[in-house]
Amino acid sequence: MVRQQGRKKIGVAFVGVGAFIAGNHLPNLAEHSRFRLRWLCDRNEKTLMDRVRHFRPDRHSTRIDDVLEDPQVDLVIIGTRQDARPPLIRKCAQAGKHVFVEKPMSSSTAESRRIVRWVRDGRILFQVGYNRRYAPALVEARRRFHEFRAKAKYPPIVTYRAVDESFLWPDYPFDLATGGKVFHEACHFLDMACWFMGRPPVSIVATGEVRDNQVSTLQFDDGAIFSFVNGGDGCASYPKERLEAWCAWNTIVMENFIELTVATQEDSRVTRYPLFRYRGQRTRKVLTPETFNRLGARWRQ
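Just so it is clear, the model here is predicted, and its values are computed rather than measured.

(A) Representation of helix H4 (residues 85-94) within the structure. Listed as buried for H4 are Arg85, Pro86, Leu88, Ile89, Cys92 and Ala93. The buried residues of H4 occupy an angular sector of 160° when projected down its axis, which confines them to one face. Looking at the packing, one finds that the buried side of H4 touches strand S1 (10-15), helix H3 (64-68), strand S4 (75-78), strand S5 (98-101), helix H5 (109-122) and strand S6 (126-128). Just downstream of H4 lies glycine 96, where phi reads positive at about 75°.

Quick look at the structure:
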């Protein structure tokens, strides 16, 4: 994302260091030799100091202005709640700092247009943290899907299920004032659908609540359909996400990023993918869906 000059390390600052950032982006960055953790910044001093003790940045502050005044900061990773993101993006763009921001970057079309203008005016690199398109199981599922699609006589159908247990979530993702779970979570699956199909839809029909529990159906210019369920009335001891695709008399099933089944008229093959982290540590551990379910049930208890 950030172009390096020579072998200079990329100076990174995190603004907003809650649980997701601490459990994912910070450990990943700590293991990468091309980055230097320059700053941690959060308005919650207790959370901030806990992260400082664990990840040991060069500096820390509760003020983003301290971060942006540092010439050694090249990249700012914004992990705050979504209502705080647009003004932070603007400050970073004005300071000439490249930005990676957690999704969604905004809560309205008008905000998104302003952000695009700020990014262009600041001549910075900018990325939103949509991650499903980088999962190896989905990358391979997409490759096989388009291989089948090139030979298909009829439009394909794809379904995606993303249902977990909202009982275990904090309250703020469901706040209607910031778009509920449609903005907080369904944006992942809209992005993934467009990437998986290789084009934007020509129509979208959605039903359900803004707060949680929606079904959305996207239709594409060739008649293909991608439908996804985004909900929170399931149980965390069962896998959250599953893709199924039917195309040219072939079936593709991706189970929670750890297993991919491709069934053709000639054969059926199952590929399992290793976890990236297990109990907070990097791993190449491979689990069956059944083992994953048992671990989920144990964690749930």
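Still more to cover.
(B) Up close: the layout of surface pockets. Its volume calculated, the second largest pocket comes out at about 300 Å³. Considering the residues around the second largest pocket, the lining is formed by 15 residues, among which Pro104, Tyr130, Phe183, Cys187 and Leu190 are closest to the centre. Residue contributions to the lining of the second largest pocket peak at 6 residues, all from helix H7 (residues 180-197).

(C) Expanded view of the packing of aromatic side chains. Per the stated rule, a full pass over the model turns up 7 aromatic pairs. Look at tyrosine 160 and phenylalanine 189: their rings are 5.6 Å apart centre to centre, the planes differ by 35°, and that puts the pair in the tilted class. Taken together, the residues span a long stretch of sequence, with tyrosine 160 in strand S7 (residues 157-163) and phenylalanine 189 in helix H7 at a distance of 29 residues. For the pair shown, tyrosine 160 and phenylalanine 189 are each scored as buried. A centroid spacing of 6.2 Å and a plane angle of 70° characterise the contact between tryptophan 195 and phenylalanine 196, whose relative ring orientation is edge-to-face. Residue classification places phenylalanine 196 among the buried positions, given a relative accessible area of 0%. Through a chain of ring-to-ring contacts, three or more aromatic side chains come together here, namely Phe145, Trp195, Phe196 and Phe226. Over the face of the ring belonging to tryptophan 169 we find lysine 181, whose NZ or CZ atom lies 4.8 Å from the ring centre. Here arginine 211 stacks its cationic end above the ring of phenylalanine 174, 4.6 Å away from the centre of that ring.

Conventions we followed
- Residues numbered from 1 in each chain as written.
- Predicted model: local features only at pLDDT ≥ 70, side-chain atom pairs only at ≥ 80, totals over all residues.
- Heavy atoms only, no water.
- Buried < 20%, exposed > 50% of the residue type's maximum accessible area, 1.4 Å probe, protein only.
- Helix = DSSP H or I, 4+ residues; strand = E, 2+ residues; numbered from the N terminus.
- Arc of directions from axis to C-beta.
- Contact = heavy atoms within 4.5 Å.
- 1 Å grid on protein atoms, 1.4 Å probe; cavity = no way out; pocket = protein on both sides within 12 Å on 5 of 7 lines; lining within 4 Å.
- Points joined across faces, edges and corners; volume = space filled by probe spheres on them.
- Phe/Tyr/Trp six-rings, centres within 6.5 Å; stacked < 30°, edge-to-face > 60°.
- Lys NZ or Arg CZ within 6 Å of the ring centre and 35° of its normal.

These values are about where atoms sit, not about what they do.
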